[in-house]
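A structural walkthrough
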Amino acid sequence: MWKLRWFRRTLLFFFVTVCIPTASISAIYLYTESHELRSRHEAVLRAEADRLSENIADLFARTEQFSLQMTFQTNMMSLLNRTDLGSMYDYLKLQNDMKEQIFFGGIVDSAYIYFAMSGRVLTTGEGLYSQEDFYDRHILSEPLGNKPYIINTRESMITFQQELPVSGTQKLGKLIVNMDMRKFENLIRNTNQSDSNIYYLADAETGQIFASGAAAESELGNLLLEDQARNGMGSSSISLNGHRYFSEYRELNTSWILLKAMPYTQYEAAYLEKRNELLLIACYIIVAGFGLSYLFSFVIYLPWRSMFKKYGFFMKSVSGKGVYDEYALVGDGVNRLLVENQQICSTIEQMTPLLKHKLVYDVLHGHNGSGVSVPEHMFSKYGIVFPNSLFIVCLASYESKQLEKRDDAESVRLLLFSLLENEFAETYHTAGTWLDDSQFAFILNVSEDIEVGALQRDFVELCRRINELIDRELGVTMRFSFGRLCKEFSEIPSSYSAARRSLQYRALYGKVEVIFGMEEERSSTYVAYPSSLQRMLVKSVLEGDRLMAEEALGLLFSQYVDNEQISPANVQETIMVLIGVLINELLQAGFALEEFRDIQFLQWHECDNKQELKDFLSSRIGKLIDRVIEDLPDTPVNDYVLQAIRFIENRYMDNISISDIADEIRLTPNYLSRIFKSETGIPPLEYLTRYRIGKAKELMQHPSRYTLKEIGGLVGFSDTHSFIRFFKKHETVTPGMFRRLEMDKIR
């Protein structure tokens with residue numbers, strides 16, 4: 001089975017090698033032949049159309065020649081110029097000359113000469129008529145326009161008209177030649193040598209088809225005429241009732257249009273014949289290819305069979321595969337070599353930068369993960385030297401949303417780190433690492449000869465230049481935070497911590513690109529918590545007073561955020577406490593926590609400067625005020641509270657909840673709780689419990705009537721245990737003790 005499986009694969013490979021080229025060449029040849037056959041049929045159709053148009057043009061030319069000959073008859077001009085009748089002999093001679101010269105293959109039915117000056121008409125058959133008595137007098141007055149002659153089609157005749165004399169400027173009459181329509185069509189058909197015999201003659205001015213071939217159909221003719229009007233003269237193709245046609249259009253030297261068509265079936269028949277021949281040849285090639293493939297597969301299989309007999313059992317046991325053949329043997333061997341080679345290359349390429357980044361990361365955190373500090377000389381193994389004695393840590397960060405919609409975000413991050421490391425390395429001895437997706441850290445070794453102020457200015461200028469570069473190249477803006485300047489390598493973690501704190505408090509700084517760790521070391525002077533400011537802020541939100549809220553926010557910034565004497569940690573703590581107290585007051589007022597989840601106050605630390613922080617807090621407080629205003633009803637608060645009290649006093653004996661009370665007066669449970677507590681000092685359920693206890697005390701003054709269990713049920717408690725528990729909570733004694741005390745008073 002193994003042999004056959006491997007052999008079949010080899011055979012399939014050779015067979016496909018034969019089949020694919022055969023199929024490709026056949027397809028290309030068939031396409032080329034199809035194109036040539038189509039071009040050939042179109043050329044035949046064009047030639048037939050040209051020949052037919054030439055024959056019709058020849059007929060027109062002979063008519064023009066006849067008109068010219070009649071013009072130069074000796075007695076023609078004299079008769080045209082006469083105003084009177086003239087000699088009958090001249091008319092008879094002209095009639096005989098006209099009969100002798102007019103010959104168009106027997107298709108001419110009659111001819112007339114109209115003498116406009118004398119008002120007479122001479123025919124080849126009947127003789128001379130006056131204009132008033134002539135039976136075809138209506139065609140005598142038809143205008144020719146700018147054309148030297150016109151051709152009219154009638155029911156059974158084709159009429160040619162030309163003004164006389166042909167060569168003169170003054171027109172004195174007309175020559176009219178009538179051709180029999182059927183004889184004309186027979187003449188055209190005899191010159192059309194195509195088997196299809198599909199052609200049409202149409203009048204361009206009227207759009208009327210007046211002549212067609214024997215195989216022509218009126219519907220096809222109308223379709224051809226529409227296609228010609230749409231696409232103009234030349235070649236085209238149309239479809240009618242599921243049948244396709246090649247078409248040719250010619251404009252004759254009159255107002256006629258020749259429409260010629262050839263059925264697509266003629267082309268399809270020739271194409272199918274060629275295709276069948278090609279398929280037969282392809283089958284012969286495939287059969288021969290199969291035999292050769294079989295022979296080659298068998299020859300190639302022999303050496304692999306001997307190899308498999310030697311090593312197949314061993315490799316099968318190592319791989320653990322159920323089915324193992326020569327193909328799998330070779331594949332496993334090659335794959336193992338490739339995988340090992342890739343692992344070695346990958347390890348060599350990746351180990352050095354990874355170890356270097358890990359080393360920098362360990363130095364920043366003060367240990368290598370096992371609690372052991374990293375010595376400075378470890379950097380020399382990776383070509384990093386720190387010749388100076390001063391160190392400072394720089395954190396470079398950017399907003400991750402700048403790259404979140406870019407497909408090449410990972411590549412841009414790598415490029416960002418490389419650009420930053422190269423720019424810092426041009427001025428300082430640098431070692432950097434990648435902290436997360438939007439933050440990098442660099443250890444800078446600076447000279448001890450420079451003073452702190454000058455060093456900060458150099459850092460600001462360098463960071464400005466870096467930001468210009470990466471903004472131009474990558475469209476990203478960075479923020480830099482520098483830690484404390486330290487004199488020992490072992491102090492680098494403290495510089496890193498200072499840089500992180502500065503970046504954490506960036507919302508409390510102005511709109512700057514560079515923050516220094518020493519700026520966050522403000523005075524630790526004690527500042528009292530702003531209780532008055534808290535009350536002002538809570539009141540403005542609960543009352544929906546936006547102006548008071550903005551005033552409170554302004555005081556917070558002027559007294560705390562902008563105060564250089566208060567440390568950023570204290571400012572941050574104050575803001576967090578104010579937010580917490582504000583939310584708690586809203587909850588105490590009856591609002592649900594779910595109403596504020598989408599406001600997300602805790603995102604304030606993501607602001608990049610004080611102005612963004614102020615705008616953020618202002619917008620969030622504004623949303624809180626919007627929620628409070630939404631719950632404010634149009635009805636006065638006292639009315640709602642009175643309705644709630646009446647409902648409690650009427651339904652206290654039932655198992656009612658805060659939702660039942662709120663539904664009765666059409667308020668939300670949260671808002672009802674807030675206004676009820678504001679008016680009465682206690683929540684609605686507390687009022688309900690107290691009212692039930694009062695009613696129970698009244699019933700216990702009649703000991704002979706009810707038991708404690710009955711009293712609890714009458715005032716709305718679901719069980720005796722709950723009744724006793726709530727009674728003792730409010731009266732400090734149990735119901736039984738209270739009853740005994742009351743009985744003692746009576747005695």
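Residues numbered from 1 in each chain as written. Predicted model: local features only at pLDDT ≥ 70, side-chain atom pairs only at ≥ 80, totals over all residues. Heavy atoms only, no water.

1. Regarding the overall build of the protein
- A count of helical and extended segments in the protein gives 21 helices and 16 strands.
- By residue count, 42% of the 747 residues in the protein fall in the buried class.
- Put simply, 63% of the contacts in the protein that link residues at least 6 apart link residues at least 24 apart.
- Here the protein has roughly 40,600 Å² of accessible surface; of this, 53% comes from carbon and sulfur atoms. (Helix = DSSP H or I, 4+ residues; strand = E, 2+ residues; numbered from the N terminus. Buried < 20%, exposed > 50% of the residue type's maximum accessible area, 1.4 Å probe, protein only. Contact = heavy atoms within 4.5 Å. Areas by Shrake-Rupley, 256 points an atom, 1.4 Å probe, with all protein chains shown as cover.)

2. Some thoughts on the nonpolar core
- Residues Leu-94, Ile-113, Phe-115, Phe-184 and Trp-256 are the most contacted members of the largest nonpolar core, which totals 33 residues.
- At six residues, helix 1 (residues 2-71) tops the list of elements feeding residues into this core.
- If you look at the next biggest cluster of nonpolar residues, it comprises 31 residues, including Leu-556, Leu-582, Ile-599 and Leu-617. (Core = buried A, V, L, I, M, F, W, Y, C linked by side-chain atoms within 4.5 Å.)

3. Overview of the packing of aromatic side chains
- The full count for this structure, using the stated rule, is 23 aromatic pairs.
- Geometrically, the ring pair formed by Tyr-91 and Phe-115 is edge-to-face, given 5.5 Å between the ring centres and 80 degrees between the ring planes. Here Tyr-91 is found in helix 3 (residues 88-101), whereas its partner Phe-115 is found in strand 1 (residues 108-115), with 24 residues between them in sequence.
- Classification of Tyr-91 as buried rests on a relative accessible area of 2%.
- Positioned above the aromatic ring of Phe-717, the side-chain terminus of Arg-692 is 5.8 Å from the ring centre. (Phe/Tyr/Trp six-rings, centres within 6.5 Å; stacked < 30°, edge-to-face > 60°. Lys NZ or Arg CZ within 6 Å of the ring centre and 35° of its normal.)

4. Thoughts on the sheet that holds strand 16 (residues 514-516)
- With respect to topology, five strands assemble into an open sheet ordered 13-14-12-15-16, the strand pairing being mixed. Since the sheet does not close on itself, it has two edges, and those belong to strand 13 (429-436) and strand 16, each with one partner. Neighbour to neighbour, the strand axes of the sheet diverge by 20 degrees on average, direction disregarded.
- The pairing of strand 12 (residues 390-397) with strand 15 (residues 479-482) spans four bridges and is antiparallel. Residue pairing for strand 15: Ala-396 is matched across the bridge by Phe-480.
- Of the strands in this sheet, strand 12, strand 13, strand 14 (439-446), strand 15 and strand 16 are in contact with helix 10 (residues 492-504), which crosses strand 12 at around 35 degrees. (Pairing = 2+ DSSP bridges. Axes fitted to C-alpha atoms, helices over the stretch in contact; angles between N-to-C directions.)

5. Concerning the confidence of the model for the protein
- Summary statistics for the protein give a mean pLDDT of 76 and a share of 76% for residues scoring 70 or more.
- Confidence over residues 519-523 falls short of pLDDT 50; this stretch has 20 contacts with residues more than four positions distant or in other chains. (pLDDT = per-residue confidence, 0-100.)

6. Observations concerning the pairing of strand 14
- The element strand 14 is largely enclosed, with a buried count of eight among its eight residues.
- By the alternation rule, side chains of strand 14 split into Gln-439, Ala-441, Ile-443 and Asn-445 and Phe-440, Phe-442, Leu-444 and Val-446, which are all buried.
- Note: strand 12 against strand 14, eight bridges, orientation antiparallel. Note on strand 14: the bridge partner recorded for Leu-390 is Val-446.
- Here strand 13 pairs with strand 14 via seven bridges, running antiparallel. Note that in strand 14 the partner of His-429 across the bridge is Asn-445.
- Hairpin connection between strand 13 and strand 14: a loop of two residues separates the two successive antiparallel strands.

7. What about the packing of helix 18 (residues 684-700) against helix 20 (residues 720-731)?
- Across the interface, helix 18 lies against helix 20 with an axial gap of 10 Å and an inter-helix angle of 95 degrees. The orientation of helix 18 with respect to helix 20, classified from their angle, is roughly perpendicular. Here Glu-686, Thr-689, Arg-690, Ile-693, Ala-696, Lys-697 and Met-700 of helix 18 come into contact with helix 20, specifically with Phe-723, Phe-726, Phe-727, His-730 and Glu-731.
- Of the residues that constitute the contact of helix 18 with helix 20, the class distribution is six nonpolar, two polar and four charged. (Parallel < 35°, antiparallel > 145°, perpendicular 65-115°, else oblique. Nonpolar A, V, L, I, M, F, W, Y, C, P; charged D, E, K, R; others polar.)

8. Focus on the side chain of Thr-430
- Inspection of the secondary structure puts Thr-430 in strand 13.
- Classification of Thr-430 as buried rests on a relative accessible area of 13%.
- Within the structure, the side chain of Thr-430 is placed 3.4 Å from the backbone oxygen of Phe-424, a separation counted as a polar contact.
- Among the polar contacts made by the side chain of Thr-430, one reaches the main-chain carbonyl oxygen of Tyr-428 at a distance of 3.0 Å. (Polar contact = N/O pair within 3.5 Å; in protein donor to acceptor, adjacent residues only side chain to side chain.)

9. Regarding helix 9 (residues 452-474)
- Under the 1.5 Å per step criterion, the end-to-end length of helix 9 is 32 Å for 23 residues, consistent within 8% with the ideal 33 Å.
- For helix 9, the set of buried residues is Ala-454, Leu-455, Phe-459, Leu-462, Cys-463, Ile-466, Asn-467, Leu-469, Ile-470 and Leu-474.
- In the core, the buried residues of helix 9 are packed alongside strand 12, helix 8 (409-427), strand 14, strand 15 and strand 16.
- Capping of helix 9 at its N-terminal end is provided by Glu-451; its side-chain oxygen lies 3.3 Å from the backbone amide nitrogen of Gly-453.
- Just beyond helix 9, the residue with positive phi is Gly-475, at close to 70 degrees. (Expected span 1.5 Å × (residues − 1).)

10. Observations concerning the environment of Asn-670
- Along the chain, the position of Asn-670 falls in helix 17 (residues 669-680).
- Given a relative accessible area of 26%, Asn-670 falls into the partly exposed group.
- Note: C-alpha distance between Asn-670 and Leu-587 (83 residues apart in sequence) is 8.9 Å.

11. Quick notes on unusual backbone geometry
- Positive phi values are uncommon outside glycine, yet Arg-666 reaches one of about 60 degrees.
- Mapping Arg-666 onto the fold places it in the loop between helix 16 (658-665) and helix 17.
- Here the phi dihedral of Thr-732 falls at roughly 70 degrees; this positive angle occurs in a residue that is not glycine.
- By secondary structure assignment, the location of Thr-732 is in the loop between helix 20 and helix 21 (735-746).

12. As for the environment of Val-44
- Topologically, Val-44 is positioned in helix 1.
- When the C-alpha atoms of Val-44 and Met-262 are compared, they prove to be 9.4 Å apart, with 218 residues separating the residues in sequence.

13. Focus on helix 18
- Helix length check: helix 18 (17 residues) gives 24 Å between terminal C-alpha atoms against 24 Å at 1.5 Å per residue, within 8%.
- Burial in helix 18 covers these residues: Pro-684, Leu-688, Thr-689, Arg-692, Ile-693, Ala-696 and Met-700.

14. Notes on the pattern of salt bridges
- Scanning the model with the defined rule gives 12 salt bridges in all.
- Here Lys-358 ties to Asp-362 by a salt bridge, and the two come within 2.8 Å at their closest N and O atoms. Residue Lys-358 and its partner Asp-362 are both found in helix 7 (residues 326-365); the two are separated by four residues, about one turn of the helix.
- We classify Lys-358 as partly exposed; its relative accessible area is 41%.
- By relative accessible area, which is 8% here, Asp-362 ends up buried.
- What you see here is one network of salt bridges that share partners, running through Glu-461, Arg-464 and Glu-468. (Salt bridge = Lys/Arg side-chain N within 4 Å of Asp/Glu carboxyl O.)

15. A word on the environment of Asn-655
- Tracing the sequence through the fold places Asn-655 in the loop between helix 15 (637-651) and helix 16.
- Judged by relative accessible area, Asn-655 falls into the exposed class, the value being 71%.
- C-alpha of Asn-655 to C-alpha of Ser-718: the two residues are 63 residues apart in sequence and 7.4 Å apart in space.
- Beyond its immediate sequence surroundings of up to four residues, Asn-655 is in contact with Asp-660 and Arg-692.

16. Section: the side chain of Asn-178
- Secondary-structure assignment places Asn-178 in strand 6 (residues 173-180).
- Exposure remark for Asn-178: the relative accessible area of 1% places this residue in the buried category.
- Of the polar contacts made by the side chain of Asn-178, one reaches the side chain of Tyr-112; its length is 3.0 Å.
- Within the structure, Asn-178 has its side chain in polar contact with the side chain of Thr-159 (distance 2.9 Å).

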